[in-house]
Amino acid sequence: MLGRSRAGKNPLTALQGGAAKVEKMPQEESMRQCKQGAQHQQKHEEVPEKAEEKHEGLIEFHNSYRELFQFFCSNTTIHGAIRLVCSKKNKMKTAFWSVLFFLTFGLMYWQFGILYREYFSFPVSLNLNLNSDRLTFPAVTLCTLNPYRYSAVQKELDELDRITHQTLMDMYNYNMSVTQSDWAAQYTHKRSSRSLFHYVQRHPLRRHKRDNPAIVEENNPPVDKSDWKIGFLLCNEKSDDCFHQTYSSGVDAVREWYSFHYINILARMPSTKDLDESNFESFIYACRFNDVTCDKANYTHFHHPIYGNCYTFNDGNSSLWTSSLPGINNGLSLVVRTEQNDFIPLLSTVTGARVMVHNQNEPAFMDDGGFNIRPGIETSISMRKEMTLRLGGSYSDCTEDGKDVPVQNLYLSRYTEQVCIRSCFQLNMVKRCGCAYYFYPLPSGAEYCDYTKHIAWGYCYYKLQAEFKADILGCFRKCRKPCKMTEYHLSAGYSRWPSALSEDWVFHMLSQQNKYNITSKRNGVAKLNIFFEEWKYKTNGESPAFTVVTLLSQLGNQWSLWFGSSVLSVAELAELILDFVVITCILSFRWLRTWHETASTMPPPGGHDNTDFQSEVSGPSTPHRFTVEAVVTTLPSYNSLEQCESNRDAEMGLQ
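A brief look at the structure comes next. (Residues numbered from 1 in each chain as written. Predicted model: local features only at pLDDT ≥ 70, side-chain atom pairs only at ≥ 80, totals over all residues. Heavy atoms only, no water.)

Let's talk about the state of the cysteines
Quick reminder of the rule: For this text, the term disulfide refers to a pair of cysteine sulfurs within 2.5 Å. Helix numbering and strand numbering both begin at the N terminus, where a helix is a DSSP run of H or I of at least 4 residues and a strand a DSSP run of E of at least 2. Buried residues are those whose accessible area, probed at 1.4 Å on protein chains only, stays under 20% of the maximum for their type, while exposed residues exceed 50% and partly exposed ones sit between those limits.
Going through the model one piece at a time under the given rule, you end up with eight disulfides. There is a disulfide in this structure between Cys420 and Cys479, and the S-S distance comes to 2.1 Å. When the S-S torsion is -80°, as for the bridge of Cys420 with Cys479, the disulfide is left-handed. Taken together, the residues Cys420 in helix H12 (residues 417-433) and Cys479 in the loop between helix H14 (475-478) and strand S17 (481-482) connect sequence positions 59 residues apart. Judged on exposure class, the residue Cys420 and its partner Cys479 are both buried. Each disulfide pairs two cysteine sulfurs, and for Cys435 the partner residue is Cys449, the sulfurs being separated by 1.9 Å.

Here you go:
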C-alpha cells in the first residue's frame with residue numbers, strides 16, 4: 001500500500017487534480033452550451049437576412065397602407081403633405097393639417113370639374129374678319145306681281161271670276177265688272193262651268209260671329225259687321241268633320257278663298273310648260289350690268305302662281321358677273337314695266353314689281369326675302385356681303401351639305417334651311433293628304449292636289465299647316481342651319497323717276513324702243529339699281545374657345561395655385577393611387593387564400609372523418625412503431641451569456 005503510494009502521485013495532488021477535473025467538466029459543458037446558443041442565435045439572425053435577401057426584387061410594394069402613406073408624405077413634392085408626418089406626435093396639428101390638406105384637394109378638384117364641364121360644352125369664339133377682293137355679283141330675281149290669265153286656263157278663271165262676283169254682290173253689295181267677251185266664253189263651256197260651280201259650292205265663303213263661330217250669317221247681311229269674321233267651309237271626305245277657315249279682314253278672306261280655287265285650276269294642267277307665256281321685252285325695258293347690255297343668256301324664267309312671271313339674273317347658267325368697282329354705276333340697272341293689263345285683281349292687290357337678292361343655285365322664296373318696287377320710283381339698293389362659317393361636329397348643330405339631315409331635298413339646288421323646311425312640309429303633305437301642294441316641288445310618284453280628284457285636300461292642308469306652324473311635324477327641329485352661309489344685307493333709297501320735267505321724253509323714247517304705249521305714265525314704269533356699297537365684306541368665323549392645350553394650361557394653373565407643384569407631383573400622386581390599388585389587391589388575395597385554406601381544413605359540420613382510423617383498426621393486429629424526434633432548443637439568456645464569458649476567462653487562466 002505504501003510502496004504503491006510512493007510509486008504513485010501525492011494523494012493531495014491527486015485530490016486536487018480530481019477536484020480540478022470535476023470542476024473542468026462542468027465548465028466544458030457550459031462552454032459547449034454557450035457555443036450552441038451562440039450558433040443558434042446566429043442562425044436566427046441569419047434567417048431574416050436571408051428572408052430579406054429573398055424578398056428583394058425589381059418591383060416592391062409596401063406591406064401596409066400606413067407604410068405607404070408615410071412614405072408618400074415624407075418624400076412627395078406636394079406642399080403640406082410632410083406636415084402629416086412631422087406633426088404625428090401632436091394629434092391636434094395632425095388633424096388640422098389633414099383637414100386642410102383634403103379640403104384643398106376638394107377645392108382643387110371642384111375647380112377641375114368646372115374646367116372639364118366648360119371644355120365638354122364645346123364653346124366657340126367668334127372671329128370677325130374684313131376682306132377686300134373682287135366680289136361675285138349675287139343672283140337677282142324680279143317678278144311682275146301680275147298673275148297672268150293664261151290661255152290654257154282662261155275659261156275656268158273667267159267662271160271663277162263670275163262666281164266671285166256673285167259672292168261679293170251677296171255679301172257686300174259690290175258689283176265687280178266683267179267684260180262681255182268673258183261672259184261669251186263662259187256660256188260656250190257650260191259643262192266646265194257647272195263642274196267648277198259644284199266644287200266651289202262645297203267651300204262657300206261665309207260670315208261668322210267673332211265670339212261664336214257656329215253662328216253663320218243668313219242671306220240678309222247684318223247691320224253691324226264689326227262683330228263678324230269672314231271664312232270658308234272645309235270638310236273631310238265624309239263631311240262629318242268640318243271647320244271654318246276664318247280671317248278678321250274681309251280682303252284677306254276673299255284673296256285666300258280665291259287663291260284656294262285658283263290653285264285647283266292650275267293643278268289640272270298636265271305640264272307647267274303650258275303656262276310659259278312670258279314676254280321678257282314687255283316687262284324689262286332696259287337691262288345693263290357694268291354698262292354692258294344684258295342678253296337672254298343672263299337670265300332664266302319661271303312662273304309663280306301669285307307673283308306671276310319671274311326672271312332670275314346671273315343665276316350661274318353662264319359666266320358669273322363680278323363687280324370691279326363699288327357704286328351705282330358698277331351694278332345691275334333695270335327699267336321695268338309696272339302697268340298691269342289683263343291681270344287677276346283678286347290675287348294681286350298691289351302694283352309694281354317684287355325683287356329678291358340671293359345666292360346662285362338657291363331658289364328664290366319671294367315670300368320670305370323679297371320686297372316690292374314702287375311704280376314711278378327709282379329704287380337704289382346697296383348691298384353688303386357677309387359670310388358665316390360655323391364649326392360642325394360637337395361645336396354646333398350645323399350641316400355641311402344637308403346629306404345628314406333626315407329630309408329629302410325636293411329642290412334642284414344646294415341645301416338651305418328654307419329648302420329643307422319646305423321639302424319637309426311637302427313630304428308630310430303627300431303622306432297625310434295623298435297629294436302635293438302646288439306651290440312646292442312635286443315629289444316623285446305624287447300629283448298636285450285638285451278637289452276634283454282629292455275632295456278633302458283643303459281640309460287636310462289647313463289642318464296640316466296648323467301642325468306645321470306649331471312644329472308638331474318637327475320640320476324646324478329636323479332642318480339644321482348650313483355650316484357655311486352667305487348673306488346680303490340690303491339698304492334701299494328712293495327717288496321719283498322720271499322727274500316731272502323729263503318724263504315726256506323718257507316715255508317717248510321707251511315707247512319708240514319697245515313699241516308699247518304706256519297708258520299711265522305715273523304708274524307705268526319703275527327703275528331699279530342694285531350694286532355693292534363697298535369692296536369689303538365681313539366674315540364671321542368660329543374657332544374652338546377651349547382646346548386641349550387650354551385645358552391643360554388651366555389645370556396646371558389650378559394645381560400650382562392650390563399645391564404649388566409641377567407635373568412630376570401629378571406623377572407622384574398617380575404612383576400613390578397605383579400602389580394603393582396594388583396593395584388592396586394583394587391584401588384581398590391573401591385574405592381570400594387564407595379563408596379558402598381555413599374552409600378546406602375544417603371538418604364538415606355534424607360529423608368527423610374517421611376513414612383512416614377505421615382502416616387501421618380493421619387491419620391485422622401487427623405492432624406499429626412510431627418514432628418521434630423532438631428537438632428543443634432554448635436560447636441562452638443574458639445571465640447565461642455572462643456566465644459563458646466568465647467561464648471563458650477562467651479557462652484562459654487555467655491554460
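Re empty space enclosed by the protein
The condition that has to hold: Cavity: a set of points on a 1 Å grid over the protein atoms alone where a 1.4 Å probe fits but cannot get out. Pocket: an open set with protein on both sides within 12 Å along at least five of seven lines, its lining residues, like those of a cavity, having an atom within 4 Å of a point. Grid points are joined across faces, edges and corners, and a volume is the space filled by probe spheres set on the points.
Following the criterion strictly, the structure yields two cavities of 30 Å³ or more and no others. Here the largest cavity defines a volume of roughly 40 Å³. Around the largest cavity, the lining residues are Ala297, Asn298, Asn314, Asp315, Gly316, Ser318, Ser319 and Trp321.

Topic: the layout of surface pockets
Just so we agree on the cut-off: Under the grouping applied here, Gly and all other residues not named as nonpolar or charged are polar, the nonpolar ones being Ala, Val, Leu, Ile, Met, Phe, Trp, Tyr, Cys and Pro and the charged ones Asp, Glu, Lys and Arg.
Reported here for the second largest pocket is a volume of approximately 940 Å³. Taken together, 30 residues form the lining of the second largest pocket, with Asn359, Glu362, Thr416, Thr486 and Glu487 sitting closest to its centre. Mapped by element, the contributors of at least two residues to the lining of the second largest pocket are strand S13 (353-358), helix H11 (366-369), H12, S17 and strand S18 (484-496). With six residues, the single largest contributor to the lining of the second largest pocket is S18. Here the lining of the second largest pocket is composed, by residue class, of twelve nonpolar, eight polar and ten charged.

A short note on unusual backbone geometry
A cis amide bond links Trp497 with the next residue in sequence, Pro498, at an omega value of -15°. Tracing the sequence through the fold places Pro498 in the loop between S18 and helix H15 (503-514). Positive phi values are uncommon outside glycine, yet Asp291 reaches one of about 65°. Along the chain, Asp291 falls in the loop between strand S7 (284-289) and strand S8 (292-293). Note on Asp291: relative accessible area 53%, which makes it exposed. At Asp471, a position not held by glycine, the phi torsion is positive, near 60°. Inspection of the secondary structure puts Asp471 in the loop between helix H13 (457-469) and H14.

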